[in-house]
Amino acid sequence: MGRQLHLGWVVCAVAVFAIFAVGGCGKKKVAGGGAGTGGYGYSGTTGAGTTGGVDAGSGTAGNSAACGTTTCQTGQICASGVCVQSCSMDSECNGGKCCSGMCATTQTDHSNCGACGTTCSATQQCTAGACTGLVCTPGTTTAPKDDAGTDDGGVDKSDAGKTSTGSNGCPANEQCMTSSSGTPTCMCGASTGCGTGESCSSAGSCMCGSNGSCTAPQRCCGGAGCADLQSDHLNCGKCGVSCASGAICNGGVCKCPSGQIDCGGKCITASSDTNCGACGNKCDKPATSCGQRTTGAAFECLCANYFNIDCGGTCVSPAQNANCGGCGNACSAATSCKVDPADSAKHSCQCPTAGNTDCNGNCVDLQSDKNHCGSCGLACPSGSTCTKGECSCPGGASQKYCNLGTAQAPNYMCISITNDDSNCFACGNVCLGSSVCDATAKGCICVDQAQQPDPNKSYCKGTCVDPKTDTKNCGGCGIACPSGSACSAGKCTCSSADQAWCETTPGNYACIDVKSDKNNCGSCGNVCNGGAGCCNKACKTAADYNTLTNCGACGTVCAKPVDTSLGCTVFQSCKAAACNGTNGGAPYSCAQ
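Each value, and the rule that gives it
- Residues numbered from 1 in each chain as written.
- Predicted model: local features only at pLDDT ≥ 70, side-chain atom pairs only at ≥ 80, totals over all residues.
- Heavy atoms only, no water.
- Helix = DSSP H or I, 4+ residues; strand = E, 2+ residues; numbered from the N terminus.
- Buried < 20%, exposed > 50% of the residue type's maximum accessible area, 1.4 Å probe, protein only.
- Polar contact = N/O pair within 3.5 Å; in protein donor to acceptor, adjacent residues only side chain to side chain.
- Contact = heavy atoms within 4.5 Å.
- Salt bridge = Lys/Arg side-chain N within 4 Å of Asp/Glu carboxyl O.
- Pairing = 2+ DSSP bridges.
- Phe/Tyr/Trp six-rings, centres within 6.5 Å; stacked < 30°, edge-to-face > 60°.
- pLDDT = per-residue confidence, 0-100.
- Disulfide = S-S within 2.5 Å.
- 1 Å grid on protein atoms, 1.4 Å probe; cavity = no way out; pocket = protein on both sides within 12 Å on 5 of 7 lines; lining within 4 Å.
- Points joined across faces, edges and corners; volume = space filled by probe spheres on them.
- Nonpolar A, V, L, I, M, F, W, Y, C, P; charged D, E, K, R; others polar.

Side note on the environment of G240
For G240, the position within the fold is in the loop between strand 15 (226-227) and strand 16 (248-250). Residue classification places G240 among the exposed residues on the basis of a relative accessible area of 58%. Spatially, the C-alpha atom of G240 lies 9.4 Å from that of G222, the residues being 18 residues apart in sequence.

As for the side chain of N423
Among the structural elements, N423 can be located in the loop between strand 31 (412-416) and strand 32 (435-438). The class for N423 is buried, based on a relative accessible area of 7%. A polar side-chain atom of N423 sits 2.7 Å from the main-chain amide nitrogen of G428. Apart from the residues within four sequence positions on either side, N423 is in contact with C402, L404, I415, I417, G428 and N429.

A closer look at the pattern of salt bridges
All chains considered together, the criterion is met by four salt bridges. Taking the shortest distance from any N to any O, the salt bridge between D90 and K97 comes out at 3.8 Å. Overall, D90 belongs to the partly exposed group, its relative accessible area being 35%. With a closest N to O distance of 3.7 Å, K537 and D498 form a salt bridge. Here D498 lies in the loop between strand 37 (491-492) and strand 38 (499-505) and K537 lies in the loop between strand 40 (533-535) and strand 41 (538-540), a separation of 39 residues in the sequence. On the basis of relative accessibility, which here comes to 37%, the residue K537 falls in the partly exposed class.

Considering the sheet that holds strand 12 (residues 206-208)
Taking strand neighbours across the sheet as the criterion, the three strands line up as 11-12-13 in an open arrangement whose pairing is antiparallel. Across the chains shown, the open sheet's two edge strands, defined by having one partner strand only, are strand 11 (199-200) and strand 13 (211-212). Here strand 12 pairs with strand 13 via two bridges, running antiparallel. Directly across from C208, in strand 13, lies its bridge partner N211.

Focus on the pairing of strand 38
Here six bridges tie strand 38 to strand 39 (residues 508-513), and the two strands are oriented antiparallel to one another. By the bridge assignment, T505 is partnered in strand 39 with N508. Here strand 38 folds back onto strand 39 in antiparallel fashion, the turn holding two residues, of which G507 has a positive phi close to 85 degrees.

Some remarks on the packing of aromatic side chains
A full pass over the atoms with the stated rule returns two aromatic pairs. Consider the rings of W501 and Y509, whose centres lie 6.1 Å apart with planes at 10 degrees: the pair is stacked.

Notes on the confidence of the model for the chain
Low pLDDT marks stretches whose predicted atomic positions should not be read closely. Within the chain, residue pLDDT values average 77, and 77% of them lie at 70 or more. Across residues 583-592, where pLDDT falls below 50, the model places 19 contacts with residues more than four positions away in sequence or in other chains.

Concerning the environment of C414
One can find C414 in strand 31. Residues C414 and C402, 12 residues apart in the sequence, show an inter-C-alpha distance of 6.3 Å.

What about unusual backbone geometry?
With a phi angle near 55 degrees, A128 is a residue other than glycine that sits in the positive phi range. Relative to the helices and strands, A128 is located in the loop between strand 5 (124-127) and strand 6 (130-133). Here K442, not a glycine, exhibits a phi torsion of approximately 55 degrees, which is positive. Position of K442 relative to the elements: it lies in the loop between strand 32 and strand 33 (443-446).

Points about the state of the cysteines
Throughout this description, disulfide means a covalent bond between two cysteine sulfur atoms. Enumeration over the complete set of coordinates arrives at 38 disulfides. Across the disulfide from C243 sits C254; the S-S distance is 2.1 Å. On the S-S bond that ties C243 to C254, the torsion sits near -85 degrees, and the link is left-handed. On the criterion of sequence distance, the pair formed by C243 in the loop between strand 15 and strand 16 and C254 in strand 17 (residues 253-255) is long-range, its members being 11 residues apart. Residue C283 pairs covalently with C301 via a disulfide, S to S 2.1 Å. Here the S-S torsion is close to -90 degrees, and the disulfide linking C283 with C301 is therefore left-handed. Highlighted residues: C283 in the loop between strand 19 (266-269) and strand 20 (289-291) and C301 in strand 21 (residues 300-302), separated in sequence by 18 residues.

Digging into the side chain of S86
If you trace the backbone, S86 turns up in the loop between strand 2 (82-85) and strand 3 (97-99). A polar contact of 2.7 Å, which involves the side chain of S86, links it to the backbone oxygen of G75. Those residues in contact with S86, other than ones at most four positions away along the chain, are G75, Q76, I77, E92, G101 and C103.

Some thoughts on the layout of surface pockets
One number sums up the size of the second largest pocket: a volume of about 350 Å³. Forming the walls of the second largest pocket are 14 residues, and the residues nearest its centre are F307, P318, A345, K346 and H347. For the lining of the second largest pocket, the element with the highest residue contribution is strand 25 (residues 343-350), accounting for four residues. Considering only residue class, the lining of the second largest pocket consists of seven nonpolar, five polar and two charged.

The structure is reproduced here in structure tokens:
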């Protein structure tokens, strides 16, 4: 349910007016403003009211040492836990009124509405210097079906379809009341409104149907009562959403048992010829039966021979040239239908020689054919050769055969790749940002404004970064620091002083606990060979774990029980890596 409030503040709000007057609702006035029982306390001259007020007030006249969460300044007093300007006459209040030693805005002040001492009731607010009825706008609620709660006098009355509102726009039996901050709030007894689907009884308690308020994780589903939307098969995910017959509600989703599907509100087998794998998928000729090609595969309509496929009303083999791997996929004269080397469960058109490619009916080697170098139709220039799928150029390794046009309108030329910022040591490799193509680095490097190499920058995926401070490229391209950490001197900072930024595998880094990691003990790369591992940043042996402070394991301290007969501290001993007894009862010291 919503936040619980005490109604005392509502009743008392009517009686809380002046700074020097109130010690508590219905309590005797005192000389100063302390905290009042169930009411408001204000600061005034030195004095104290009874305890238990909503806002505690204390201090001397004109200043409060403690007002809510702050300290009032000279010339201020504490009212309802808020520092306000003190006064002795209206002229000191900048257009407001001086009411009982406190400046008040009579246009909106609940306790001084229109004039000093005019207090609005708990169901009113001060607007333009006049007390007007509060207006709550939480909307309306529909009473649940067959609500036989106290609001029906214990008699089962059908409330289906009824919609009603109570005081000033609140749901039935709720009241619109003001909080200490002046905010209009719908209240059901001591509750700040009722939850979705719940109703407020005449006795002032939230109810779901004929029962009390729902508790988490349940929600109110009107006449259906409280329901767990994650598991209730009648209210699955949302109120009123029923799962199909035979299905269960799991995690707010209706699920049929394994091997079944939901068809028209019923769980039916997915292997039937009328609902094969999907509702309404009927198996007709020539695929006459519902089955699985392999164990665990989806159900589908299959030909009599499960390996065949239905192509336009005829069951054919997907291993034939006319329908290789699928209906209508015919192989060229240069190829034949064989098992696909990339997927043994499929067939594809292949050339007689492994590795060759069908280019418009001709099987060629794209790695060496100068008319189809690297891809079908890419011809090398006269005098050049095709090696490893690339056309050779007169300039040797310093040149490449690149397409300077588009895929639709290609324009291949031999260009120098050692100084081309658009094709830096590879076709299409563009140097971006403040970078240039460098022959020594055989790639893009970062430069300064004078076009000189910048030793403080690294070129990482098209951007020049400082690897000493860049959290995404800390110490090298692609080395990202953990969320919330920083990069300093090319190393990521770790959240603990016992951690260090270490390389776990080549090129991979992480924050490692050097206090206990045997491969990075005390510092990165310090490996504890043999022995008993790493303890407090130092490599240990088995003998090191036979002490009072590391008995059997790092940090295991033997206790120091007190011998009550001697009044001394008797130490345990660590033997065979275990704390045992008090060493024969002989005390080591009587310090305690």
